[in-house]
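# A structural walkthrough
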Amino acid sequence: MIAYLGRIVHDNDAESKLDDDVSSISKSLDLQGSIENGDVSSLASKDFGGLYSVKPLFLIKPSGAEDISRVVKLASRTSNLTVAARGNGHSINGQAMAEGGLVIDMRSTEKNHFEFLPINGSHYIDVSGGALWEDVLTRCVSRYGYAPRSWTDYLSLTVGGTLSNAGVSGQAFRYGPQTSNVTELEVVTGKGEITVCSETLNSELFFGVLGGLGQFGIITRARIKLQQAPDMVRWIRVVYSEFEEFTRDAEFLVTQKEGESFDYVEGFVFCNNDDPFNGWPSVPLDPGHEFNPTHISQTAGSILYCLEVAFHYRNSDHPTVDTAVNGLLGRLRFVEGLKSQVDVSYTKFLLRVNRAEEQVKANGPGDGPHPWLNLFVSKSDVVNFDRTVFKTMLKDGVGGPMLIYPLLRSKWGDRTSVVLPEGEIFYIVALLRFVPNGPSVEKLVAQNREIVNWCIKVGLDFKLYLPHYQSKGDWERHFGNRWSRFVERKASFDPMAILAPGQNIFRRDPSNIIISREF
């Protein structure tokens with residue numbers, strides 16, 4: 001069967017026989033799931049970024065970890081096959097693709113695990129790596145009244161997908177990213193081994209996989225920390241004309257003790273004009289509340305800042321909410337008269353970006369390319385970043401949100417594969433571009449590259465989040481003094497570089513020997 005597969009891989013005339021090949025290989029592997037050919041129109045050849053289209057050999061829809069193990073072991077017995085795990089296809093630069101390889105559709109495993117676990121007075125949920133966070137949210141809240149502590153802004157992402165990166169939203173300043181809120185994983189390594197790991201069991205694999213960009217294993221199950229879910233959220237936006245005032249207030253809020261601040265803190269940059277995508281209309285939460293620009297000083301520049309916060313409460317707490325919220329807002333220095341707020345259910349608040357996506361798709365551009373750029377920037381360099389990038393390069397906006405808000409390094413730990421800027425406080429910057437009209441995708445990609453190159457040139461302390469590099473030198477710079485640890489983990493758990501080829505970090509060794517530090 002391996003020799004037969006090899007003929008498929010190398011035979012340029014084999015496409016006409018792929019349907020028969022699919023059936024034969026599926027039987028040979030004894031898959032409980034299914035296998036499809038990698039037609040260019042299939043979901044496995046595309047992702048949310050819309051910048052790349054790469055044709056795989058086959059798309060695998062596994063029934064569970066055993067199927068995934070069989071597929072990885074099959075690839076290991078060939079000289080060149082690679083395997084990519086695809087969650088909900090939300091990568092930007094083809095990270096979940098495998099040209100001429102095998103793509104595993106993790107969504108077919110979404111219902112394999114869902115178990116509520118009270119352990120020693122705490123509560124956890126065991127969920128499949130292919131489950132969507134939005135489904136985890138609704139099922140946890142409706143069935144048990146509990147919910148995970150840390151989120152991403154957009155919840156139509158898989159559990160395994162975000163844990164392979166970090167998973168960041170406005171709760172991360174308090175609880176850390178999603179990678180800091182998982183206590184156990186089941187993983188299929190690059191050797192095809194199904195392994196349970198945690199902080200104390202197979203810990204090197206556990207911490208390597210968390211934020212490991214899919215390089216060391218495919219997450220098939222995760223145990224997530226839970227907390228009691230609030231009933232309601234007071235969602236508030238306030239506006240600043242000066243970056244220093246915006247950052248001072250944001251940093252004040254994220255460094256307060258639990259119970260003495262908001263439960264969610266984010267922020268974004270917008271243009272001081274009436275542009276519907278980039279300007280004033282992007283701020284109000286209530287459609288009936290219009291942004292009043294007369295409150296903005298005439299000395300304000302072309303860029304303004306919005307601090308977005310949320311306060312969680314139970315229905316029984318409602319009489320005291322005004323006092324608590326007003327006390328916190330009274331310590332902030334936003335522009336008087338430019339405050340917008342609504343009270344919404346907890347689930348509605350967490351699903352806010354999903355609803356916005358539905359609106360975007362209804363208006364047309366949602367399926368277009370998304371040349372997004374995400375960075376972590378040190379507090380020490382964020383003023384310079386604002387001055388050069390926001391106020392100069394991006395002064396007319398990006399046709400979508402420009403997020404910026406502070407996070408705390410101490411909430412992340414240092415054993416996972418995620419790399420961060422130095423210092424306790426750093427900022428996440430997310431340029432979430434949409435391209436319905438205006439500049440071409442190529443120009444926007446070039447502008448992203450210009451921003452990154454500028455950061456490197458002037459020596460900013462920054463890291464790409466959801467990184468995408470093409471050269472070994474760039475990856476070595478990204479990981480810095482953690483590069484050798486990353487390479488060692490690769491050699492331990494995926495020595496033939498089978499997994500996640502779309503990340504362009506390691507190349508499959510055609511001789512099937514252990515990968516070396518020299519690539």
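Starting afresh in each chain, residues are numbered from 1 along the sequence in its written order. Only residues with pLDDT of at least 70 get local features here, since the model is predicted, and only at 80 or more are side-chain atom pairs given and counted; chain-wide, interface and lining totals rely on the full set of residues. Side-chain metrics rest on all non-hydrogen atoms present in the structure, leaving aside hydrogens and water.

The protein appears in an unreviewed UniProt entry as cytokinin dehydrogenase from Gossypium arboreum. UniProt positions are given in the numbering used here, feature names are shortened, and annotations may be inferred rather than shown by experiment. Quoted verbatim from the Catalytic activity (unreviewed entry) heading of the UniProt record, the comment on the protein is "N(6)-dimethylallyladenine + A + H2O = 3-methyl-2-butenal + adenine + AH2". Recorded in UniProt under Cofactor (unreviewed entry), the annotation for the protein is "FAD".

### Notes on the overall build of the protein
Secondary structure elements follow DSSP: runs of H or I no shorter than four residues count as helices, runs of E no shorter than two count as strands, and numbering proceeds from the N terminus. Each helix and strand in the protein was counted, giving 15 helices and 18 strands. The globule rule is 2.2 Å times the number of residues to the power 0.38, and the radius of gyration it is compared with is taken over C-alpha atoms. For a compact globule of 519 residues, the expected C-alpha radius of gyration is about 24 Å, and the protein comes in at 23 Å, within 12% of that figure. Taking the principal axes of its C-alpha atoms as reference, the protein extends roughly 75 × 55 × 45 Å. A simple rule labels every residue: compare its accessible area, found with a 1.4 Å probe on the protein chains alone, to the largest value its type can have, and call it buried under 20%, exposed over 50%, or partly exposed in between. Looking at the protein residue by residue over its 519 residues, the buried ones come to 57%. Note on contacts: a residue pair is in contact if any heavy atoms of the two residues lie within 4.5 Å. In the protein, the proportion of contacts linking residues at least 24 apart, taken out of those at least 6 apart, comes to 73%. When the accessible surface of the protein is split by element, carbon and sulfur atoms take 47% of a total near 21400 Å². Across the protein, the centroid of the 53 positively charged side chains sits 3 Å from that of the 62 negatively charged ones. Per-residue and other accessible areas follow the Shrake-Rupley method at a 1.4 Å probe size, with only the shown protein chains counted as cover for residues. Within this scheme the basic residues Lys and Arg register as positive and the acidic residues Asp and Glu register as negative, but His and the chain ends are omitted. By convention, the charge on Lys lies at NZ, on Arg at CZ, on Asp at CG and on Glu at CD.

### Topic: the sheet that holds strand β14 (residues 339–345)
The antiparallel open sheet is built from 8 strands, whose spatial order is β14-β11-β13-β12-β16-β17-β15-β18. Single-partner strands in this sheet number two, and they are β14 and β18 (462–464). Adjacent strand axes in the sheet meet at a mean angle of 20°, parallel and antiparallel pairs treated alike. In short, DSSP must find at least two bridges between two strands for them to pair. In terms of strand pairing, strand β11 (residues 232–240) meets strand β13 (residues 303–313) through 9 bridges, oriented antiparallel. Axes, fitted as lines to C-alpha atoms, cover a helix only where it is in contact. Angles between the N-to-C directions of the axes lie from 0 to 180 degrees.

### A few points about the environment of Phe 252
The topology assignment puts Phe 252 in helix α8 (residues 243–254). In contact with Phe 252, other than residues within four places in its own chain, are Arg 331 and Leu 332.

### Side note on the pattern of salt bridges
Should a side-chain nitrogen of Lys or Arg be within 4 Å of a carboxyl oxygen of Asp or Glu, the pair is scored as a salt bridge. Tallied over the entire structure, the rule returns 19 salt bridges. Between Arg 221 and Asp 126 there is a salt bridge; the shortest N-O distance is 3.2 Å. One end of the pair, Arg 221, is in strand β10 (residues 217–228); the other, Asp 126, is in strand β6 (residues 122–128), and 95 residues separate them in sequence. For the pair shown, Arg 221 and Asp 126 are each scored as buried.

### Looking at the sheet that holds strand β3 (residues 83–86)
Two orientations exist for strands paired in a sheet by backbone hydrogen bonds: parallel and antiparallel. Pairing is mixed in the open sheet, where 4 strands are placed in the order β1-β2-β4-β3. This sheet does not close on itself; its edge strands, each paired only once, are β1 (34–37) and β3. Going from strand to strand, the sheet's axes swing by 25° on average, the running direction of each strand aside. With 4 bridges joining them, β3 and strand β4 (residues 102–105) adopt parallel strand pairing. Looking at β4, one finds that Val 83 is bridged to Leu 102. Contacts from helix α3 (residues 65–76) reach β2 (58–61), β3 and β4, with the element oriented near 170° to β4.

### Here we look at the packing of aromatic side chains
Stacked, edge-to-face and tilted labels apply to pairs of Phe, Tyr and Trp rings (six-membered ring for Trp) whose centres lie within 6.5 Å, assigned for plane angles under 30 degrees, over 60, and everything in between, in that order. With the rule as written, the count across this model stands at 30 aromatic pairs. Relative to Phe 479, the ring of Trp 475 lies with its centre 6.0 Å away and its plane at 25°, an arrangement referred to as stacked. In this pair, Trp 475 and Phe 479 both sit in helix α14 (residues 472–479), 4 residues apart, roughly one turn of the helix. In this pair, the class of Trp 475 matches that of Phe 479, namely buried. Three or more aromatic residues link up through ring pairs in this structure, and these residues are Phe 216, Tyr 469, Trp 475, Phe 479, Trp 483, Phe 486 and Phe 506. Note on criteria: charge over ring means Lys NZ or Arg CZ within 6 Å of the ring centre, with the direction from the centre no more than 35 degrees off the ring normal. The residue whose ring lies beneath Arg 139 is Phe 114, and the NZ or CZ to ring-centre distance is 3.8 Å. The ring centre of Phe 349 lies 4.4 Å from the NZ or CZ of Arg 352, which sits over that ring.

### Topic: the nonpolar core
Counting residues in each nonpolar core, the largest one holds 101 residues, and the members touching the most others are Leu 185, Phe 262, Leu 307 and Phe 385. The biggest single contributor to this core is β13, with 7 residues. Setting aside anything within four residues of it in sequence, one finds Leu 307 in contact with Ile 236, Arg 237, Val 238, Tyr 240, Phe 246, Asp 249, Ala 250, Leu 253, Val 265, Glu 266, Gly 267 and Leu 332. What we call a nonpolar core is a set of buried Ala, Val, Leu, Ile, Met, Phe, Trp, Tyr and Cys residues that are connected through their side-chain atoms within 4.5 Å. Ile 25, Leu 31, Val 72 and Met 106 belong to the second largest nonpolar core, which has 23 residues in total.

### So, the UniProt feature "domain: FAD-binding PCMH-type" (unreviewed entry) in the protein
In the numbering used here, UniProt assigns the "domain: FAD-binding PCMH-type" (unreviewed entry) feature to residues 52–229. Measuring from the first to the last C-alpha atom of residues 52–229 gives 39 Å, for a span that is 22% helix and 30% strand.

### A short note on the packing of helix α12 (residues 379–393) against helix α13 (residues 441–457)
Packing of α12 against α13 leaves a shortest axis separation of 12 Å and a crossing angle of 155°. As judged from the angle between their axes, α12 and α13 are roughly antiparallel. α13 is crossed by α12, and the crossing has right-handed handedness. Residues Asn 384, Phe 385, Thr 388, Val 389 and Met 393 of α12 pack against Gln 447, Glu 450, Ile 451, Trp 454 and Cys 455 of α13. Any angle from 65 to 115 degrees is called roughly perpendicular, while one under 35 is roughly parallel, one over 145 is roughly antiparallel, and all others are oblique. Take the far helix as the reference: if the near one is turned anticlockwise from it by less than a right angle, the crossing is left-handed, and if turned clockwise, right-handed.

### Considerations on the state of the cysteines
As used here, a disulfide is simply a covalent bond connecting the sulfur atoms of two cysteines. In plain terms, two cysteine sulfur atoms within 2.5 Å form what is called a disulfide here. Taken as a whole and assessed by the stated rule, the structure comprises 0 disulfides. Considering cysteine sulfurs only, Cys 271 is the nearest to Cys 306, which forms no disulfide, with 13 Å between them. For Cys 455, which is in no disulfide, the shortest distance to another cysteine sulfur is to Cys 271 and amounts to 19 Å.

### Focus: the pairing of strand β9 (residues 194–198)
Successive residues of a regular strand alternate their side chains across the two faces of the sheet. Two elements, strand β8 (residues 182–189) and β9, share 5 bridges in a ladder whose sense is antiparallel. Bridge assignment links Glu 186 to a residue of β9, and that residue is Val 196. The antiparallel pairing of β8 with β9 creates a hairpin that spans 4 residues between the two strands, and Gly 192 there sits at a positive phi of about 85°.

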